[in-house]
Structures are given as C-alpha cells and as structure tokens.
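# Descriptive analysis of the structure
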Amino acid sequence: MWNLSTLENNNWRPKKWDRLFSVLLCGLALLIGLKIPEHISVTMTPSLNYRVFFLRYGIDVFHQGEYALFSISEIPLPASHTRKEKVAIKRVGCREGQVLQAKGLDFYCNGTFLGKAKTHDKQGTPSPPFSYDGPVPPDRYFVVGDSIDSYDSRYFGFIRKEDIHARAYPIF
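Attention here is on the structure that accompanies the text.

### Here we look at the overall build of the protein chain
Scanning the protein chain for helices and strands turns up 3 helices and 11 strands. Out of the 172 residues in the protein chain, the part that is buried amounts to 33%. Looking at the protein chain alone, contacts between residues at least 24 apart form 59% of all its contacts between residues at least 6 apart. Total accessible area on the protein chain stands at roughly 11,100 Å², and carbon and sulfur atoms take up 59% of it.

### Remarks on the packing of aromatic side chains
Applying the stated rule across the entire model yields 13 aromatic pairs. Judged by centre distance (5.8 Å) and plane angle (10 degrees), the ring pair of Tyr151 and Tyr155 falls under stacked. Assigned by exposure class, Tyr151 and Tyr155 land together as buried. Directly above the ring of Tyr108 sits Lys103, whose terminal nitrogen or CZ lies 5.2 Å from the centroid. Above the ring of Phe62, the side-chain terminus of Arg167 is found at 5.2 Å from the ring centroid.

### Considerations on the state of the cysteines
Within this structure, the stated rule accounts for 1 disulfide. The disulfide partner of Cys94 is Cys109, and the S-S distance across this bridge is 2.1 Å. Taking the sign of the torsion about the S-S bond as the criterion, the disulfide between Cys94 and Cys109, at about 75 degrees, is right-handed. Residue Cys94 is located in strand β4 (residues 87-95), and its partner Cys109 is located in strand β6 (residues 106-109); the two are separated by 15 residues in the primary sequence. On the basis of relative accessibility, which here comes to 0%, the residue Cys94 falls in the buried class.

### Thoughts on the sheet that holds strand β2 (residues 52-57)
Taken in spatial order, the 7 strands of this open sheet run β1-β2-β11-β3-β4-β9-β10, and their pairing is antiparallel. With one partner strand each, in any of the chains shown, β1 (40-42) and β10 (159-160) form the two edges of the open sheet.

### A look at the sheet that holds β6
Overall, antiparallel pairing links the 4 strands, which are arranged β7-β6-β5-β8 in an open sheet. One side of each edge strand has no neighbouring strand; the edge strands of this open sheet are β7 (112-116) and β8 (133-135). Along the sheet, successive strands turn relative to each other by an average axial angle of 20 degrees, direction set aside. Sheet topology note: the strand β5 (residues 99-103)/β8 ladder contains 3 bridges and is antiparallel. Looking across to β8, one finds that Leu100 is bridged to Gly134.

### A look at a nonpolar patch on the surface
Together, Ile40, Val42, Met44, Phe54, Tyr169, Ile171 and Phe172 make up an exposed nonpolar region whose accessible area comes to about 700 Å². Looking at where Phe172 falls in the secondary structure, it is placed in the segment after β11 (164-170).

Conventions we followed
- Residues numbered from 1 in each chain as written.
- Predicted model: local features only at pLDDT ≥ 70, side-chain atom pairs only at ≥ 80, totals over all residues.
- Heavy atoms only, no water.
- Helix = DSSP H or I, 4+ residues; strand = E, 2+ residues; numbered from the N terminus.
- Buried < 20%, exposed > 50% of the residue type's maximum accessible area, 1.4 Å probe, protein only.
- Contact = heavy atoms within 4.5 Å.
- Areas by Shrake-Rupley, 256 points an atom, 1.4 Å probe, with all protein chains shown as cover.
- Phe/Tyr/Trp six-rings, centres within 6.5 Å; stacked < 30°, edge-to-face > 60°.
- Lys NZ or Arg CZ within 6 Å of the ring centre and 35° of its normal.
- Disulfide = S-S within 2.5 Å.
- Pairing = 2+ DSSP bridges.
- Axes fitted to C-alpha atoms, helices over the stretch in contact; angles between N-to-C directions.
- Patch = residues over 30% accessible without salt bridge, like charges linked within 9 Å, V, L, I, M, F, W, Y side chains within 5 Å.
- Salt bridge = Lys/Arg side-chain N within 4 Å of Asp/Glu carboxyl O.

Here it is in structure tokens:
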C-alpha cells in the first residue's frame, strides 16, 4: 500500500524513466510554446466577424470565402488610417478568373453580391471606391471584410498572390 509515510521512510526517488519522461514532456511543452505564436493571429479591428485565427503557411491557392493573411505594405492607405500593422486578414471575395463587377457602390463576383462601398470613411474622409468590370486577373484576389466599414479591396483593389502569407482559419 502506498502512502506518504512509506515514501518518506524508504527514501523514494523517481526512477530513471520517470525523469526521462518529465524532461521529454517539458521539452515538448517548450517546443509547442515556441511554435504556437507564429500560427495564431489576433485581429483588433472590427472589420471581421472573427478575432482569433489559426494560420497555415505554404498554401498556394485560395478559394472564395476563405480568409487570407497578406502584406499591406504596398497598399495605399487614406490619410485617416495609420500604418501600424504590416499584415491584414480579409476574406477572399473573388479570385482569378471569376468575374468582378462594380455597379455603382455595389460589388459582385460572378453575380453574387459581395458588399457595398461607402463614399466616406467613419472620420468623414473621402474614400473613392475601386472601379472594375471583368475577370479577376491572374494571380490576383479581391478581398473583403465582414463590416461595411472594412478598408478592403472595395477601395484599394486587388491584392497580389505573392503578398499572401497564410490561410487564416477562424477560431472565434
């Protein structure tokens, strides 16, 4: 029968395998702790319905409705925006070969409504909408947010495939 007094009286020590298992378990926890941050992204803007995403790198093709993490360093920002972030997450609204139409302020992909652009942002700064009617060019994506106030392709146009770093899977 095991009890604390038996262990104290017999000078019980962990066995070699117990120590090895503990070291391996700590090493595994350390590796997981080092890798998880590069695969989790938290967005603070209200442009998406989700805030936390799991990132999967090395994805080559993105389909309509999937979320993409992409570089925004080449995207022109209006004066009311700051460039604190270097990447953004948006939903693919239209992809290479699909037909994008801008009818007034409304955007459609293959006839499916994507969203409406605004003429001014929340601060009252003019935000001229992107104008396009035709197939999405090769290696380009039209990305949209879930909010009417999202600054996305409705204003800055297509993003390049080479600027996409990862597919973003919404967690919550």
